[in-house]
Amino acid sequence: MPPPLPPSLPPHLRRRCLSTASHDPPSAARAAEQHCIRLLERSSTSAAVLQSLAFLLKSGLHSNPLVLTRLFASAASAAPALLEPLIAALLSPSVPIDAFLVNTLIRAHATSPLPSARLRAAAFFPLMLRSSVLPNKFTFPFLLKACAALPGSPGVGLQAHAAALKFGFATDQYVSNTLIHMYSCFGGGFLAGARNVFDRMLKSSAVTWSAMIGGYVRAGLSSDAVGLFREMQASGVRPDEVTVLGVLAAAADLGALELARWVGRFVEREGTGKSVTLCNALIDTLAKCGDVDGAVAVFQGMEERTVVSWTSVIDALAMEGRGKEAVGVFEEMKTAGVPPDDVLFIGVLTACSHAGMVDEGRGYFDSMKMEYGIEPKIEHYGCMVDMFGRAGMVEQAVEFVRTMPMKPNSIIWRTLVAACRAHGRLELGESITRNLLNEYPAHEANYVMLSNVYALTQRWKEKSEIRREMSKKGIKKVPGCSVVELDGEVHEFIAGDESHPQWKEIYMMVEEMARELKRMGHISATSEVLLDLDEEDKEGALQWHSEKLAIAFVLLRTPPGTQIRVVKNLRVCSDCHAAIKCISRVYNREIIVRDRSRFHRFKSGCCSCNDFW
């Protein structure tokens, strides 16, 4: 007798299976097997899978491992929700287990769109061992991919690696590539394991290099990713699209414009294939490296565009404060008949926020639900709070937060605190920050914000207490860091750092810059120094900020008129903003600074943000 149908099948599909599973005399077993496999290969919907299941039961094939393998594979691609109930009903102890069946189960779960299924993928490997079935070279790539989806349980991945070594498959190229991917997914602490596997390989495939480059990018080691890409070029291995995407991600992180432009030219020259995905990545990278016009040019040259393409170019314009242009692109998209999604609206609202277009932002926010049926998410509410805060409309921002249909998260509260600080509402900012500390006691930013409020109100004792509390809990403030790319090399600077080989010349240049700024009448914004120092010492502290060191270095190393591009991990302070405006005029340089939230293009003493940031 065939086993009962899975109990989780919907009633109407259960009836269909039962009506199809008639009691006609079975045909020859081989013919039935082949016919069932053909049915399953053509099954592209849940209904088709169930019809094939009915034939399988009718024909008594419920213990046939080949047919069950095909059934599970078809269910995984056509009806993922059916996979688990089918396995529960059909994978009985009477079913002969072979490597093909278990490999299919591991693969079906590892590639499932359902998170719960992906978490179960690795659990089928012990079934193979308990059944005394030897794994093969096809077992481990999907098993290791399944382990990569368990970053909180690296021990499972380590056991899988040990099994690959035991059965002699660890040196297989496909297995090694997946090992690199798995270790890099476990985080920076396991990256050495990925590199160890990489160094032992022949590295004849672009896939191998791409896996390691991607690992460095995921770990935030973009400089190492770029360095490895240079090695790949020297080794004569031709990059594929995956490699290019990884390098573009690294270039975007570093703000390495020349590298991004080189990748664009490489794609054109080598014919790697300008897919929509690659063009979208190039738009994003060029924009994050400060070449928004180049990003727009790539967009305009695309023959095919997706909503991601439109979103990428709107985000690019938003980052540089070109709100009207961003909104113009959105209107063009509407005319082209491309329906927007919730992610695109984040870009549109950000563009309005960075350009001070409050009325337009309100209109687009309201249109999400009214015109497009898109329910605003907390990210959209966050954009609106940011928009009101930047425009100095603190009361409106507070009221907007108070009437939100969901509980504000810590990001929205911190956005509100930043607005309070920028517009002198320090008492309100302190109150919000205290509440944040009570709710999120482990978050570094909350302590830093309260410490800064105390410093701005010159309450040095309270500030010291907060710093001691941070020290007790092992919480450290992220140091300001600025990065510049020069002659293919990436140089990193931290405030007051003396680790650069040319630090003495750089410091002399910074002192020269300070003298020139004073001669122009620039007065340092010592209120930005949140330390209990006298005015002279505060000026000295401002002088050595990381972006000033980076600019001094480029001034030393480049001829007059060369554009300067700086990427900073934190928001640029108001003193540096004012100082860089003066530097751009004194040295006749265009200076582009990408901080944590946007771009500033300084030229002839002015900034593209119009001092609205």
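Residues numbered from 1 in each chain as written. Predicted model: local features only at pLDDT ≥ 70, side-chain atom pairs only at ≥ 80, totals over all residues. Heavy atoms only, no water.

**Student:** Summarise the side chain of Lys581; cite the residues concerned and give the values.
**Tutor:** Mapped onto the fold, Lys581 is located in helix 32 (residues 574–586). With residues near it in sequence (within four places) discarded, Lys581 still touches Phe602, Gly605, Cys606, Cys607 and Asp611. (Helix = DSSP H or I, 4+ residues; strand = E, 2+ residues; numbered from the N terminus. Contact = heavy atoms within 4.5 Å.)

**Student:** Residues and numbers for the pairing of strand 3 (residues 564–568), please.
**Tutor:** Among the five residues in strand 3, five count as buried, and that is most of the element. Because side chains alternate across strand 3, one face comprises the buried residues Ile564, Val566 and Lys568, and the other comprises Arg565 and Val567, equally buried. One ladder, built from four bridges, connects strand 3 with strand 4 (residues 591–594); its direction is parallel. By the bridge assignment for strand 4, Ile564 is matched with Ile591. The parallel pair strand 3 and strand 4, bridged by helix 32, forms a crossover whose chirality is right-handed. (Buried < 20%, exposed > 50% of the residue type's maximum accessible area, 1.4 Å probe, protein only. Pairing = 2+ DSSP bridges. Right-handed = clockwise from strand over helix to strand, strands pointing away.)

**Student:** A description of the UniProt feature "repeat: PPR" (unreviewed entry) in the protein chain should follow, citing residues and the corresponding values.
**Tutor:** Using the residue numbers shown here, the UniProt feature "repeat: PPR" (unreviewed entry) corresponds to residues 205–239, 275–305 and 306–340. The distance separating the terminal C-alpha atoms of residues 205–239 is 9 Å; by composition the span is 77% helix and 0% strand. (UniProt positions renumbered as here; feature names shortened; annotations may be inferred.)

**Student:** So what's going on with the pattern of salt bridges? Which residues, and what values?
**Tutor:** One pass over the structure, following the stated rule, counts 21 salt bridges. Between Arg601 and Glu320 there is a salt bridge, and its shortest N-O distance comes to 2.7 Å. Pair noted here: Arg601 is in strand 5 (residues 599–603) and Glu320 is in the loop between helix 19 (307–319) and helix 20 (323–335), with a separation of 281 residues, a long-range link. The two residues Arg601 and Glu320 agree in class, both being buried. (Salt bridge = Lys/Arg side-chain N within 4 Å of Asp/Glu carboxyl O.)

**Student:** So, the packing of aromatic side chains: which residues are in play, and what are the values?
**Tutor:** Summed over all chains, the structure comprises 17 aromatic pairs. Look at Phe198 and Trp209: their rings are 5.2 Å apart centre to centre, the planes differ by 80°, and that puts the pair in the edge-to-face class. A residue pair is termed long-range when its members are at least 10 positions apart, and Phe198 in helix 12 (residues 191–199) and Trp209 in helix 13 (residues 206–218) qualify at eleven residues. Look at Phe198 and you get buried, because its relative accessible area is 1%. Aromatic side chains Trp262 and Phe266 sit 5.2 Å apart centroid to centroid with 20° between the ring planes, which places their arrangement in the stacked category. Here Trp262 pairs with Phe266, and both are found in helix 16 (residues 257–270), just four residues apart, close to one helical turn. Residue classification places Phe266 among the buried residues on the basis of a relative accessible area of 6%. Members of the aromatic cluster, connected to one another through ring pairs, are Phe330, Phe345, Tyr364 and Tyr372. Against the face of Phe299 rests Arg305, its NZ or CZ located 4.0 Å from the ring centre. Stacked on the ring of Trp310, the Lys or Arg Arg305 has its end atom at 5.3 Å from the ring centre. (Phe/Tyr/Trp six-rings, centres within 6.5 Å; stacked < 30°, edge-to-face > 60°. Lys NZ or Arg CZ within 6 Å of the ring centre and 35° of its normal.)

**Student:** Account for unusual backbone geometry, naming residues and giving values.
**Tutor:** Excluding glycine, most residues fall at negative phi; most peptide bonds, likewise, are trans. For Asn588, which is not a glycine, the phi torsion comes out positive at approximately 50°. Overall, Asn588 belongs to the exposed group, its relative accessible area being 60%. Its identity is not glycine, yet Ser604 carries a phi of approximately 55°, on the positive side. Structurally, Ser604 is set in the loop between strand 5 and strand 6 (606–607).

**Student:** I'd like a rundown of the nonpolar core, residues and numbers included.
**Tutor:** By size, the foremost hydrophobic cluster in this structure holds 144 residues, and its most contacted members are Leu71, Phe72 and Leu86. Of all the elements, helix 17 (residues 276–288) adds the most residues to this core, at eight residues. Not counting the four nearest positions on each side in its chain, Phe72 is found in contact with Leu83, Leu86, Ile87, Leu90, Leu91, Leu101, Leu105 and Ala108. Of all hydrophobic cores here, the second largest spans 29 residues; its members include Val484, Met513, Leu549 and Ile583. (Core = buried A, V, L, I, M, F, W, Y, C linked by side-chain atoms within 4.5 Å.)

**Student:** An account of the sheet that holds strand 4 is requested, with residue identities and associated values reported.
**Tutor:** Consider a sheet: its strands pair through backbone hydrogen bonds, and that pairing is either parallel or antiparallel. Spatially, 2-1-3-4-5-6 is the arrangement adopted by the six strands of the open sheet, whose pairing is mixed. Here the strands that pair on one side only, and so sit at the sheet edges, are strand 2 (489–494) and strand 6. Of the pairings in the sheet, the one linking strand 5 to strand 6 comprises two bridges and is antiparallel in character. Bridge pairing in strand 6 places Lys603 opposite Cys606.

**Student:** Residues and numbers for the packing of helix 9 (residues 139–148) against helix 11 (residues 173–185), please.
**Tutor:** Direction vectors running N to C along helix 9 and helix 11 enclose 5°, while the axes themselves pass 9 Å from each other. Considering the angle they form, helix 9 stands roughly parallel to helix 11. Two secondary-structure elements touch here, helix 9 through Phe140, Pro141, Leu144, Lys145, Cys147 and Ala148 and helix 11 through Tyr174, Val175, Thr178, Leu179, His181, Met182 and Cys185. Looking at the contact of helix 9 with helix 11, its residues break down into ten nonpolar, two polar and one charged. (Axes fitted to C-alpha atoms, helices over the stretch in contact; angles between N-to-C directions. Parallel < 35°, antiparallel > 145°, perpendicular 65-115°, else oblique. Nonpolar A, V, L, I, M, F, W, Y, C, P; charged D, E, K, R; others polar.)

**Student:** Residues and numbers for helix 21 (residues 342–354), please.
**Tutor:** The terminal C-alpha atoms of helix 21, which comprises 13 residues, lie 19 Å apart, in line with the 18 Å expected from a rise of 1.5 Å per residue. Of all 13 residues in helix 21, ten are buried; the element is thus mostly enclosed. Looking only at helix 21, the buried set comprises Asp342, Leu344, Phe345, Gly347, Val348, Leu349, Ala351, Cys352, Ser353 and His354. Its buried side turned inward, helix 21 meets helix 19, helix 20, helix 22 (358–372) and helix 23 (378–390). For helix 21, the capping residue at the N-terminal end is Asp341, with a side-chain oxygen 3.3 Å from the backbone nitrogen of Val343. (Expected span 1.5 Å × (residues − 1). Polar contact = N/O pair within 3.5 Å; in protein donor to acceptor, adjacent residues only side chain to side chain.)

**Student:** I'd love a proper account of helix 22, names of residues and values included.
**Tutor:** The end-to-end C-alpha distance of helix 22 is 20 Å, a good match for the 21 Å that 15 residues give at a rise of 1.5 Å each. Of all the bends in helix 22, the greatest, near 35°, is centred on Asp366. Those residues of helix 22 lying buried are Val358, Gly361, Tyr364, Phe365, Ser367 and Met368. Just past helix 22, the residue Gly373 takes up positive phi, approximately 65°. (Bend = angle between axes of the 7 residues up to and from the residue.)

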